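For reference, the chains in residue letters:
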Protein chains: 2
Amino acid sequence: MVSTHRATIQDVAVLSGLSICTVSRALRHLPNVSEREQEQVAGAAAKLGYKALAAASRPEGGRTGSLAIVAPTATSWFFAQAVEAAEEVLGDSGYDTVLISLRNQDSVRRQFFADLGNLAQRVDGLLLLTMDLVPGEVAALEACGLAIASVGMENVPWDNVAIDDEHAAWQATQHLLGLGHWDLAVLSSNEHPVATETPRFRGFKRALDEHHLTVHPDLVVCAGPSIDDGRRAMAELIARGASPTAVFAHCDEAAFGALKALREYGLSVPKNVSVIGMDNHPMSGFLGLSTVAQPVADQGAFAANLLCERLLNTETPHQPSNHLLDTKLIERKTTRHKR
Amino acid sequence: MVSTHRATIQDVAVLSGLSICTVSRALRHLPNVSEREQEQVAGAAAKLGYKALAAASRPEGGRTGSLAIVAPTATSWFFAQAVEAAEEVLGDSGYDTVLISLRNQDSVRRQFFADLGNLAQRVDGLLLLTMDLVPGEVAALEACGLAIASVGMENVPWDNVAIDDEHAAWQATQHLLGLGHWDLAVLSSNEHPVATETPRFRGFKRALDEHHLTVHPDLVVCAGPSIDDGRRAMAELIARGASPTAVFAHCDEAAFGALKALREYGLSVPKNVSVIGMDNHPMSGFLGLSTVAQPVADQGAFAANLLCERLLNTETPHQPSNHLLDTKLIERKTTRHKR
DNA sequence: CTGAAAGCGCTTACAG
DNA sequence: CTGAAAGCGCTTACAG
């Protein structure tokens, strides 16, 4: 009959007839352990099914073995892809990944920052996904002493992986302008805490500038990264009486929603309105959505790797690095010359 | 100058002029602490920014404060929704949620079971998402001593929340049969470790049985829960020379893929082929996909609640409960009478 | 109500 | 190479 309680190092010591510290050393393959002892200990530990209780090992300094991924929301396509890719890398490096979704809610976000001090006890590092931070928040993050890396952020004092969001948005907008459109609407995520929005809007604006056009406030509408939000935003735009000939959505899911709303209002794409998104979601090909493709899983995996490296040499001073991955304009059937 | 090292209970004791155990009690709001002491301790702790180091508190028995969600994959729609809904509930109950994706890979799955003993040290419980378990795995799960709850599983010795998958598949199939189709193809996830497949296939078969039809092996093809897998599966079916007049896909994403493949092969939906899925994905309305709607976030949240309750009274013997949520057939434009 | 003492499971100097 | 002792930060009986 096996004991109902978990085996302790004490049990292994007794069974192997060795001292508790010899067992400790043997199990961790430290020097100064004879081969015979090594074997005795291994045997006893196996028989008892003994595993060192992580929490008891140097409770004071100790690493937790966990890393947190924090995302503005976890349900949209971008985040689900990035999270799984990152989880794979972290897992392979021996870390548990704890998932923290801010659920697009300000209250949850505040809660996160309020709890940061506690969180710092429970994880060794943070992987931030496109979080739009105010200076105070950056400071709080740095002060908590955790290793940090991020995806899709700008000017942060830690390693970051992203695309050139400004350029990507410029590409999309430029494509529309090149097709003769000048009444451009934007589905922007400006009221959401998504860090990629700022550079994307900048890119949109720059493209207009280059054509001596200005951003029309009535044609800017907020949409979260989901189909429903995109639909709602486009419907609002139409109900408002706006009549753009082309729309740039900050992500493909919002673009899908826009297509839906346009159809509901009897507007034909691309005949009446051209639509372009960003991401290259797996549905985009099927729907013929023009878009700017970005490597999502790669960004998550890359940033996760940087975080792990950071944790490996935590002593050496570190110069934050910023890595930009390529994007590619994909012209499909939702964009067409203005006529 | 604040000390660079984290404050310990010792520091709080010194600063407040009280003993270490009084501090411990005060901080946890235990009885037998005078109000004055309570205040002194609170003040000192605040000044020092002291937080009890979780790892040092009863390292032996201790709860970890973490719960793991394990999913066959984390990228598909169903899982992303269920995971976020569950994460919210777990978070509100004070747990960190560690995410474990099996990434649709057998090697990762085996790794998970091999590591179960270690995992049991790092979390207090498991929320299993539609995992298709062999008896040995169920036994291993029970043996690891963790609290467990699940979504979308059958006959498991722990709390489970699901839909009536057999009935849902029956509804979808019955809908097709009622439309006069009898050459039915199924995109099944039979080679994937998804627990919902078994009852769904049963429901499919039962509907055929009721119409004195039999399942044609050539019309059964495997597809994972993704658009690409659905497309590949449907393309394979067509390439194989099969010519079903209707297809039932085990989830909407696979159905989207099927629509894509059908179009690539010049087949028109629903004129030549009817297609029905399952889920009611946000894109389904837009695409006019007929489907069987199921409440996904609700299942995740419900199961998470059951797990938390389980953890609350871990002493009392527990009769596993099984909860079935409602589904609803939604007829749209991808299904039509055979002609 | 309060604190000295022992203990949780493990690790780290330090003697031998 | 090996083990007795002290220690990690916190909690839990147990005296007072």
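The present account deals with the structure reproduced in this document. Nothing here was measured: the structure is a model prediction, and the numbers come from that model.

## Quick look at the overall build of chain A
- Within chain A, the secondary structure is distributed over 13 helices and twelve strands.
- Relative to a compact globule of 339 residues, whose C-alpha radius of gyration would be 20 Å, chain A shows 26 Å and is clearly more extended.
- With respect to the principal axes defined by its C-alpha atoms, chain A has extents near 90 × 45 × 35 Å.
- Long-range pairs, those at least 24 residues apart, make up 73% of the contacts in chain A between residues at least 6 apart in sequence.
- Here chain A holds 29 positive side-chain charges and 39 negative ones, and the gap between their average locations is 5 Å.

## Focus: the environment of Cys251(B)
All names here are of chain B.
- Looking at the secondary structure, you find Cys251 in the loop between strand S8 (246-249) and helix H11 (252-264).
- Residue classification places Cys251 among the buried positions, given a relative accessible area of 5%.
- Taking the C-alpha atoms as reference points, Cys251 and Trp77, 174 residues apart in sequence, are found 9.7 Å from one another.

## So, the interface of chain A and chain B
- Contact residues are listed per partner, giving 41 residues for chain A and 41 residues for chain B.
- Counting each side, the surface lost to burial between chain A and chain B is near 3,900 Å², with a carbon and sulfur contribution of 54%.
- Connecting chain A to chain B are six salt bridges.
- Between Asp96(A) and Arg122(B) there is a salt bridge, and its shortest N-O distance comes to 2.5 Å.

## Brief notes about the side chain of Gln81(A)
- Among the structural elements, Gln81(A) can be located in helix H4 (residues 77-92).
- Once you skip the residues sitting within four places of it in the chain, Gln81(A) turns out to touch Val296(A), Ala297(A) and Thr75(B).

## Let's talk about the packing of helix H1 (residues 9-16) of chain B against helix H3 (residues 35-48) of chain B
Residues and elements named next belong to chain B.
- Close contact between H1 and H3 brings their axes to 9 Å; oriented N to C, the two are set at 125 degrees. When the axis of H1 is compared with that of H3, the two are oblique. You can see that H1 and H3 cross each other, and the crossing is right-handed. Taken together, the residues of H3 that come into contact with H1 (itself represented by Asp11, Val12, Leu15 and Ser16) are Gln40, Val41, Ala44, Ala45, Lys47 and Leu48.

## What about unusual backbone geometry?
- The linkage connecting Val269(A) with the following residue, Pro270(A), adopts the cis geometry, with an omega of 5 degrees.
- Looking at the secondary structure, you find Pro270(A) in the loop between helix H11 (252-264) and strand S9 (274-276).
- Located in the positive-phi region is Asn155(A), a residue other than glycine, with phi close to 55 degrees.
- The topology assignment puts Asn155(A) in the loop between strand S4 (147-151) and strand S5 (159-163).
- If you check the backbone angles, Thr130(B) has positive phi at about 40 degrees while not being a glycine.

## Quick look at helix H9 (residues 197-210) of chain A
All names here are of chain A.
- Along its 14 residues, H9 runs 20 Å from first to last C-alpha, staying within 8% of the 20 Å computed at 1.5 Å per residue.
- Among the residues making up H9, those that are buried are Glu197, Pro199, Arg200, Gly203, Phe204, Ala207 and Leu208.
- Trailing H9 by a residue or two, His212 shows a phi angle of about 60 degrees, which is positive.

## Quick word on the pairing of strand S8 (residues 246-249) of chain A
Residues and elements named next belong to chain A.
- Burial along S8 is two-sided: the face carrying Ala246 and Phe248 and the face carrying Val247 and Ala249 are both buried.
- As paired strands, strand S6 (residues 184-188) and S8 are joined by four bridges and run parallel to one another. Opposite Leu184, over in S8, you have Ala246 as the bridge partner.
- In this view, the connection linking S8 to its parallel neighbour S9 by way of H11 has right-handed handedness.

## Structural notes on the sheet that holds S8(A)
Residue and element names in this part refer to chain A.
- Here four strands make up an open sheet; going across it, the order is S7-S6-S8-S9 and the pairing parallel. Single-partner strands in this sheet number two, and they are strand S7 (220-222) and S9. The average angle at which neighbouring strand axes cross in this sheet is 20 degrees, direction not considered.

## Here's the deal with the packing of helix H2 (residues 20-27) of chain A against helix H3 (residues 35-48) of chain A
Residue and element names in this part refer to chain A.
- Two elements in contact, H2 and H3, have axes separated by 9 Å at closest approach and are oriented at 90 degrees. Taken together, H2 and H3 sit at an angle that is classed as roughly perpendicular. Counting all contacts with H2, which are made through Thr22, Val23, Ala26 and Leu27, the residues of H3 involved are Glu37, Gln38, Val41 and Ala45.
- Taken together, the residues of the contact of H2 with H3 break down into five nonpolar, two polar and one charged.

Conventions adopted
- Residues numbered from 1 in each chain as written.
- Chains lettered and ligands numbered in written order.
- Predicted model: local features only at pLDDT ≥ 70, side-chain atom pairs only at ≥ 80, totals over all residues.
- Heavy atoms only, no water.
- Helix = DSSP H or I, 4+ residues; strand = E, 2+ residues; numbered from the N terminus.
- Rg over C-alpha atoms; globule rule 2.2 N^0.38 Å.
- Contact = heavy atoms within 4.5 Å.
- Lys, Arg positive; Asp, Glu negative; His and termini not counted.
- Charge placed at Lys NZ, Arg CZ, Asp CG, Glu CD.
- Buried < 20%, exposed > 50% of the residue type's maximum accessible area, 1.4 Å probe, protein only.
- Buried area = accessible area lost by both parts, 1.4 Å probe.
- Salt bridge = Lys/Arg side-chain N within 4 Å of Asp/Glu carboxyl O.
- Axes fitted to C-alpha atoms, helices over the stretch in contact; angles between N-to-C directions.
- Parallel < 35°, antiparallel > 145°, perpendicular 65-115°, else oblique.
- Left-handed = near helix turned anticlockwise from the far one by under 90°.
- Expected span 1.5 Å × (residues − 1).
- Pairing = 2+ DSSP bridges.
- Right-handed = clockwise from strand over helix to strand, strands pointing away.
- Nonpolar A, V, L, I, M, F, W, Y, C, P; charged D, E, K, R; others polar.

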